[in-house]
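One-letter residues, chain by chain:
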Amino acid sequence: MPIQESEKYATSITSGDNVKFQETVISDYVEEDGSSETNEFGHGTGSFLTAYFNVTCVVAGTGTLGLPAAFATGGWLGILIMILSYGMAVYSGIVLIRCLYYKPGHRLHDYKAIGTAAFGWTGYIVASFLHFLNLFGCPALYLVLASGNLTYLLRYTSGALNEKIWTCIIGVFLLIPSLIAKTLREITGLAAIGALCTIIAVFIVLIQAPMDHNAHPEREVITDSVIWTGFPSALATIAFSYGGNNTYPHVEHALKKPHQWKWAVTAGLSTCTCLYFLTAIPGYWSYGRATLSPIYDSLPDGAGKTISMIVMTLHVILAIPIYTTSFSLEFEKWTNATDERLGKFWAWCARAAIRTVTMGILVVLAIFIPYFHDFMGLIGALSNCGLVFLLPILCYLKLTGVRNKPIYELAFCALTLFLGVVGCIFGTIDSVKNLITDFTQ
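Now for a look at the structure at hand. (Residues numbered from 1 in each chain as written. Predicted model: local features only at pLDDT ≥ 70, side-chain atom pairs only at ≥ 80, totals over all residues. Heavy atoms only, no water.)

A closer look at unusual backbone geometry
Residues serine 293 and proline 294 are joined by a peptide bond in cis, for which omega reads 0 degrees. Along the chain, proline 294 turns up in the loop between α9 (261–287) and α10 (303–335). (Helix = DSSP H or I, 4+ residues; strand = E, 2+ residues; numbered from the N terminus.)

Quick look at the structure:
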């Protein structure tokens, strides 16, 4: 949307429940043709590829690893669930950004501001809880996966260490890009490498899993059309695989041409969905009910399994800075830790302190919750079902109205909300039961 302006400034807007949230405000706002190519809200200079690779790297990865096991939990019905989830995730990602600009001449800053603008204190609390659970839960899960992989890969070498030590080492290593990068734009290279790693792992599973299946005809493989009792858990895992909405405002914030966002998020999620199908279908077909999560644990020992573990370890390590930077940007905005107020050196010191504490919390979480599959199910059910399927739709309808929407769009919104509620409530119950079992055993 092209905008002409004579003055641009930041302000705090108070909602009906007296909750303050930040907006970028533009005076003398004039709407023109919808084909604007310039971001008039003073955001970054990132390209379409910047947004595309950030979306792909954040969303793909652990979803690729867990979806074959999700099919084993819910049966082949998972294909339909994934197609629906893909469409809902794309729609959710687009309307979420529309919520940022719901008021002409203004742009909300982040996910929590959207919840505040829509539902006041209640929206702020719910959005903050889901947002921070995702921002800390997902990278902590990535640390669990990376440390476990390194422990396995180096178990017979002089570099053999336990998972707790590897978790600490990875955390310290990842402080480097976190301290160097000021915004998401500076870590685009990491996102691109991470996306490439995911593609490599997908093709290894696509080739080796069927080869392993055909090499052992004596092994009985049982697959199911539908497992209704496993439907909520499967939905939660699939919801996790499409998580990342809470980073979208920052990814869009880095775009030079904001009208490209809907194409960037569609392309990114389409790429992820193709990768998911290329992994989930051959993985479940090859191992059936015995499919493990992550999927490479089902592969036979050899070069293929080793390479897939290495590249996915690289992927999740490179994805962590995207989450930590997203959180840090919000906290720095809240504390006003800017170059203008503190000076470049002290602003950098403030960022360094915030990001160091953030990484320390992630390391502690990863050490004390080392159960990958059930941890992923809990994050998917409790956090991602709300972030992807529930809150964006509710906020969009509240902020932009219901009666001005066509009936087919409202029907799609209703279906999205229904699946979100089912996955959130019943998926959380299943995941908590599984984690209790993990800890007691």
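Read on for the rest.
Here's the deal with the packing of helix α3 (residues 77–100) against helix α14 (residues 407–440)
One can describe the packing of α3 onto α14 by two numbers: an axis separation of 11 Å at closest approach and a directional angle of 110 degrees. The angle between the axes of α3 and α14 places the two elements in the roughly perpendicular class. Crossing angle aside, the handedness with which α3 passes α14 is left-handed. Note on element contacts: α14 touches α3 through Glu409, Phe412, Cys413, Leu415, Thr416 and Leu419, opposite Leu84, Gly87, Met88 and Tyr91. Looking at the contact of α3 with α14 residue by residue, the classes come out as seven nonpolar, two polar and one charged. (Axes fitted to C-alpha atoms, helices over the stretch in contact; angles between N-to-C directions. Parallel < 35°, antiparallel > 145°, perpendicular 65-115°, else oblique. Left-handed = near helix turned anticlockwise from the far one by under 90°. Contact = heavy atoms within 4.5 Å. Nonpolar A, V, L, I, M, F, W, Y, C, P; charged D, E, K, R; others polar.)

Considerations on the state of the cysteines
Applying the stated criterion to the full structure yields zero disulfides. In this structure cysteine 274 is not part of a disulfide, and its nearest cysteine sulfur, from cysteine 272, lies 9.3 Å away. According to the relative accessible area criterion, cysteine 274 is partly exposed, its value standing at 48%. (Disulfide = S-S within 2.5 Å. Buried < 20%, exposed > 50% of the residue type's maximum accessible area, 1.4 Å probe, protein only.)

Thoughts on the nonpolar core
If you look at the biggest cluster of nonpolar residues, it comprises 61 residues, and the most contacted ones within it are Val59, Ile114, Tyr242, Tyr248, Trp261, Leu269 and Tyr276. No other element matches α3, which puts 13 residues into this core. Core analysis: the next-biggest nonpolar cluster, separate from the first, contains 45 residues, Val58, Cys138, Ile322 and Ile379 among them. (Core = buried A, V, L, I, M, F, W, Y, C linked by side-chain atoms within 4.5 Å.)

Considering the packing of aromatic side chains
Under the defined criterion, the tally for this structure stands at 10 aromatic pairs. Taking 5.8 Å as the distance between ring centres and 90 degrees as the angle between the ring planes, the aromatic pair formed by tryptophan 121 and tyrosine 124 counts as edge-to-face. Residue tryptophan 121 and its partner tyrosine 124 are located together in helix α4 (residues 111–153), separated by three residues, close to a single helical turn. Using a relative accessible area of 44% as the deciding quantity, one classes tryptophan 121 as partly exposed. Within the aromatic cluster, the residues linked to one another by ring pairs are Phe71, Trp76 and Tyr284. In this structure, arginine 155 is placed above the aromatic ring of tyrosine 152, and the distance from its NZ or CZ to the ring centre is 3.9 Å. The ring of tyrosine 396 carries lysine 405 above its face, with NZ or CZ at 4.7 Å from the centroid. (Phe/Tyr/Trp six-rings, centres within 6.5 Å; stacked < 30°, edge-to-face > 60°. Lys NZ or Arg CZ within 6 Å of the ring centre and 35° of its normal.)

Here's the deal with the environment of leucine 275
Considering the arrangement of structural elements, one finds leucine 275 in helix α9. Counting along the chain gives 69 residues from leucine 275 to leucine 206, while the straight-line C-alpha distance between them is 9.7 Å. Setting aside residues no more than four positions away along its own chain, leucine 275 makes contact with Thr198, Ile199 and Val202.

So, α10
Between its terminal C-alpha atoms α10 stretches 49 Å, which fits the 48 Å expected from 33 residues at 1.5 Å a residue. Counting buried positions along α10 gives 24 out of 33 residues, so the element sits mostly inside the fold. Downstream of α10 by a residue or two, asparagine 336 has a phi angle that is positive, lying close to 60 degrees. (Expected span 1.5 Å × (residues − 1).)

Quick look at the side chain of lysine 405
Of note, lysine 405 is situated in the loop between α13 (372–400) and α14. The charged side chain of lysine 405 is buried without a salt bridge, its nearest counter-charge being glutamate 409 at 5.8 Å. In this structure the side chain of lysine 405 is engaged in a polar contact, spanning 3.0 Å, whose partner is the side chain of asparagine 404. (Lys, Arg positive; Asp, Glu negative; His and termini not counted. Salt bridge = Lys/Arg side-chain N within 4 Å of Asp/Glu carboxyl O. Polar contact = N/O pair within 3.5 Å; in protein donor to acceptor, adjacent residues only side chain to side chain.)

Topic: helix α12 (residues 344–368)
Since the α-helix turns once every 3.6 residues, residues separated by three or four places project in the same direction. Spanning 25 residues, α12 covers 37 Å between terminal C-alpha atoms, matching the ideal 36 Å at 1.5 Å per step. For α12, every residue scored as buried is listed here: Ala347, Arg351, Ala352, Ile354, Arg355, Thr358, Met359, Leu362, Val363 and Ala366.

Quick look at the pattern of salt bridges
The tally for this structure, following the rule as stated, stands at four salt bridges. The partner of arginine 107 in a salt bridge is glutamate 252, with the nearest N and O atoms 2.7 Å apart. With arginine 107 in strand β5 (residues 106–108) and glutamate 252 in helix α8 (residues 248–253), this residue pair connects regions lying 145 residues apart in the sequence. The pair arginine 107 / glutamate 252 is uniform in exposure class, with both members buried. For aspartate 224, the salt bridge is made with arginine 289, and the minimal N-O distance between the two is 2.7 Å. Here the residue aspartate 224 occupies a position in the loop between α6 (188–215) and α7 (231–241), and arginine 289 occupies one in the loop between α9 and α10, the gap between them amounting to 65 residues. Among the residues examined, aspartate 224 registers a relative accessible area of 14% and is labelled buried.

Geometric descriptors of this kind do not, in isolation, establish any biological role.
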